[in-house]
Every structure is written in structure tokens, then in C-alpha cells.
Amino acid sequence: MPMSSRLLGSSMLACLFSASVVCVQELSASSSMKTSATVPELPYPSGPLGIGRIGFHWTDTSRPDNYDLKRKRELMVYFWYPTAKSVDAKGQYLPGAAQMDAAPAIHEFMSQEFGSLWASIVSGEISSHAIDHAPIVSSRTPFPVVTFSHGLGSTGFQYTVLIEYLVSHGYVVASIEHTYTAKAIWFPDGRVITHRNDSPPAGLSQAERLSWIMKQISVGINQGAADVRFVIDRMTQLNHDKQQFALAGAIDLERLTAMGHSAGAEFAARACQQDSRIHACVDLDGAMVPVAALPLYGDDRKILQPVLFLEAFHPENNMGGTPDQITEYKKVKEKQLQELRPGSYDVVLHSPG
């Protein structure tokens, strides 16, 4: 029987309580990894299932490319899915790393992100537990699906610990590489598209500059949400076509969660506001301090799905904004969270340091 939205949200919460801590450790470790000579080994996922992965290059013909008007919106979407467990499983950490490294400019770009460990990622010394194109494990019922959206200037592969944890416990994760938001994306035709961060035009007043930035943020969140909804469209279209989609019939779109971190959390939350096909929403540290916790738009759409709003603790003097702005932000946040349906949670993580 289909899992109810509330039960889906609760089961996701149970997984994420422990997995999110691991994810935060992996992400926060990146800065120390840059100066450490020790090559890290990702923890083996704790669930009873192994990890498979397959990437798809999909084009949304209904939307133009923001920076190349000759093209339409293109995405790489990596599906991580359950397989038979193998304790010796080792797979590529970041697909296309060697191709990226072959271009001097991209080598420099990625070395700035990963430091001295970029060479270990390229060589495969740093690996994941995901085996490309491994057969999906047989199951009497299709697997629930999680779309995942990474943060600004990162990549879905920097959340490998979290994704593998979920997959090992029976979820399929569709990790979206959001073009121009991601640090760098390798496409099968050999192109590498890097993160773009536009600057405000010269000569703007402080108020005009702020208005320009807020407009760009608004446009960016809408685009990220459109990416999520496009991926749901494609999954829906292909779920009965095994020739084009290896996971056809194995995913349960009646148990669909949108999840994201930081900017990606706003993409997921906005998609939840817009799309009733999504049954639960997971927002990992996506609050836009000092404005709002969840996306605010003129259409005033509310999130009707149960929400896990999971945030890292920050003292007020590290939140950004003036004391008055923080006070107003807390009022807006409380109002937004109180409007969420029963079965929603606001969880604050406290970690050493």
C-alpha cells in the first residue's frame, strides 16, 4: 500500500537524524581536507543495501539556457539506487573528474575547491561506494524517490555520505546537478560547465544593488525549482520505458520527496509550493537570513506537504543582519513554520565547534 505523506515524512526524519550529521561532517571536512595529507575514506553506508548509480543528460526544451541562447536548459541527473550489498564496492567519487582535470583552467578551478585532494579524486584514490550501471536489487514494491538539490557552488557528489545512507536504506535518490549553480558539471559530449556568479551592474545605489540581488535570488530559486519539476516530469514520462530509463517500474512516484541543502533547499521548497506531486519536503539549512525561512513570492503559495526543516544552530551574532532584522526574521520564520501541516518538524542541530 502507498505510504502516506505523513509516514513518508516521518521515515525520512528517522533516516536524516543520523545521516545529516554525517553529511555535515563530510561537508565541513572539506576545508580541513585541503590542508591534510591524509586521504579520507568515506564511511560505509549502514543500511542493508548496496549502491548503484547511473547518470542522464536531459534537456528541458521548454526553457532557454541563460548564458547560451542557442541552447535549451540542460541538466545532468544522477540516480543513486539500491543494489545487492558488496563490502568491497568502490566507485568513482566525481564522474568526469579526469576530463575536467585535463583542462588547465578547470584543474585550477577544482583545485581551489578541493585543495590537494583534487588529485586523489581525479586518480580515483578517493572513491564512493556507488557502482555505475549495477543492476537494481529486486523488490516486491517500487522504491520511494528523493530528488536532491545541492547548494550554491557545490555539487551533488559532495553529499555522497548522505545520499549513500539513504539509498542503503531503500530510497532512490535523483541528484540534480543544477547547471551554473554547480561548481562544475561534466557532460558526456565533453563540455564542462562551471559555476556562474553574476555581479550587479556598476553605478547602482545601495538600495538598487540590494533590489538587483534579491531579484537574481528570486529568479535563481524559481529556476532551481523548475529543474526539480522537470526531473519529476521526465521520471513520470519514462517510468514505463525500460529502453530509455533503466529504473523504469522500480520507482514509486506516489512516495516522492524533494530535498535540498542551502540554496538547493530553497529550490526544493519552492518546488513543493508549486507541485502537488511531491509528497514531502526536506529543507536542509535553507533559511534565507534575515529575510525568511521559506521562499516568499507574490503568488503567496504555501507548502502543503509535511516538511522537515533541519538547520544548524547559529548564535544571533553569526546569523547576518542587524538585531532588528534578526527579530523580524524570527517572526516571519515562526509564522511560516506554524502554517505548515501537522507532521512537520523544525530540527536544530548543535555540533561541537
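What comes next concerns the included structure.

Reading guide: rules and limits
Residues numbered from 1 in each chain as written. Predicted model: local features only at pLDDT ≥ 70, side-chain atom pairs only at ≥ 80, totals over all residues. Heavy atoms only, no water. Helix = DSSP H or I, 4+ residues; strand = E, 2+ residues; numbered from the N terminus. Buried < 20%, exposed > 50% of the residue type's maximum accessible area, 1.4 Å probe, protein only. Contact = heavy atoms within 4.5 Å. Core = buried A, V, L, I, M, F, W, Y, C linked by side-chain atoms within 4.5 Å. Patch = residues over 30% accessible without salt bridge, like charges linked within 9 Å, V, L, I, M, F, W, Y side chains within 5 Å. Areas by Shrake-Rupley, 256 points an atom, 1.4 Å probe, with all protein chains shown as cover. Salt bridge = Lys/Arg side-chain N within 4 Å of Asp/Glu carboxyl O. Pairing = 2+ DSSP bridges. Axes fitted to C-alpha atoms, helices over the stretch in contact; angles between N-to-C directions. 1 Å grid on protein atoms, 1.4 Å probe; cavity = no way out; pocket = protein on both sides within 12 Å on 5 of 7 lines; lining within 4 Å. Points joined across faces, edges and corners; volume = space filled by probe spheres on them. Nonpolar A, V, L, I, M, F, W, Y, C, P; charged D, E, K, R; others polar.

Here we take up the environment of Asn 222. For Asn 222, the position within the fold is in helix α6 (residues 206-238). Here Asn 222 falls in the partly exposed class, since its relative accessible area comes to 28%. Setting aside residues no more than four positions away along its own chain, Asn 222 makes contact with Arg 270, Gln 274 and Tyr 297.

What follows is about the nonpolar core. In terms of nonpolar packing, the biggest core is built from 43 residues, with Trp 58, Phe 79, Val 231, Met 235, Phe 245 and Ile 251 touching the most fellow members. Ranked by the residues each element gives to this core, the list is headed by α6, at seven residues. When residues no more than four places from it in sequence are discounted, the contact partners of Phe 245 are Phe 56, Phe 79, Leu 238, Asn 239 and Ile 251. The next biggest cluster of nonpolar side chains, apart from the first, holds 41 residues, and it includes Met 110, Val 146, Phe 157 and Ala 184.

Turning our attention to a nonpolar patch on the surface. Among the surface-exposed residues, Leu 210, Ile 213, Met 214, Ile 217, Val 291 and Leu 296 lie close enough to one another that they form a single nonpolar patch of about 490 Å² accessible area. Along the chain, the position of Val 291 falls in the loop between β11 (280-284) and β12 (307-312). Judged by its relative accessible area of 37%, Val 291 falls in the partly exposed class.

Read from one edge to the other, the open sheet built from nine strands follows the order β5-β1-β2-β7-β6-β10-β11-β12-β13, with strand pairing classed as mixed. Unpaired on one side and paired on the other, β5 (130-132) and β13 (345-349) mark the two borders of the sheet. In this sheet, neighbouring strand axes are inclined to one another by 25° on average, regardless of whether the strands run parallel or antiparallel. In the sheet, strand β6 (residues 143-149) pairs with strand β7 (residues 172-177) via five bridges, with the strands oriented parallel. Bridging across to β7, Ser 149 finds its partner in Ile 176. Those strands touched by α6 are β1 (50-64), β2 (72-83), β6, β7 and β10 (251-261), and its axis lies near 110° from that of β1. Sheet strands touched by helix α7 (residues 263-274): β6, β10 and β11. Its angle to β10, the strand with the most contacts, is close to 140°.

Attention now goes to the pattern of salt bridges. Scanning the entire structure with this criterion turns up 20 salt bridges. A salt bridge links Asp 275 to Arg 229, with the nearest nitrogen and oxygen atoms 3.2 Å apart. Placement of the pair is Asp 275 in the loop between α7 and β11 and Arg 229 in helix α6, with a sequence separation of 46 residues. Residue classification places Asp 275 among the buried positions, given a relative accessible area of 4%.

Here we take up the layout of surface pockets. To find the voids left in a structure, one rolls a probe of water-molecule size over its atoms. The volume enclosed by the largest pocket comes to roughly 760 Å³. Looking at the lining of the largest pocket, the elements with two or more residues in it are α6 and α7. When residues in the lining of the largest pocket are grouped by element, the largest group, ten residues, is from α6. Split by residue class, the lining of the largest pocket holds eleven nonpolar, eleven polar and five charged.

This part is about the pairing of β2. Taking burial as the measure, the twelve residues of β2 include eleven buried ones, the bulk of the element. Sheet topology places β1 next to β2; twelve bridges connect them, and they run antiparallel. Following the sheet pairing, Gly 52 is matched in β2 by Tyr 81. Of the strand pairs in this sheet, β2 and β7 are connected by five bridges, and their pairing is antiparallel. Looking at β7, one finds that Trp 80 is bridged to Val 173.

In short, shape yes, function no, at least from these values alone.
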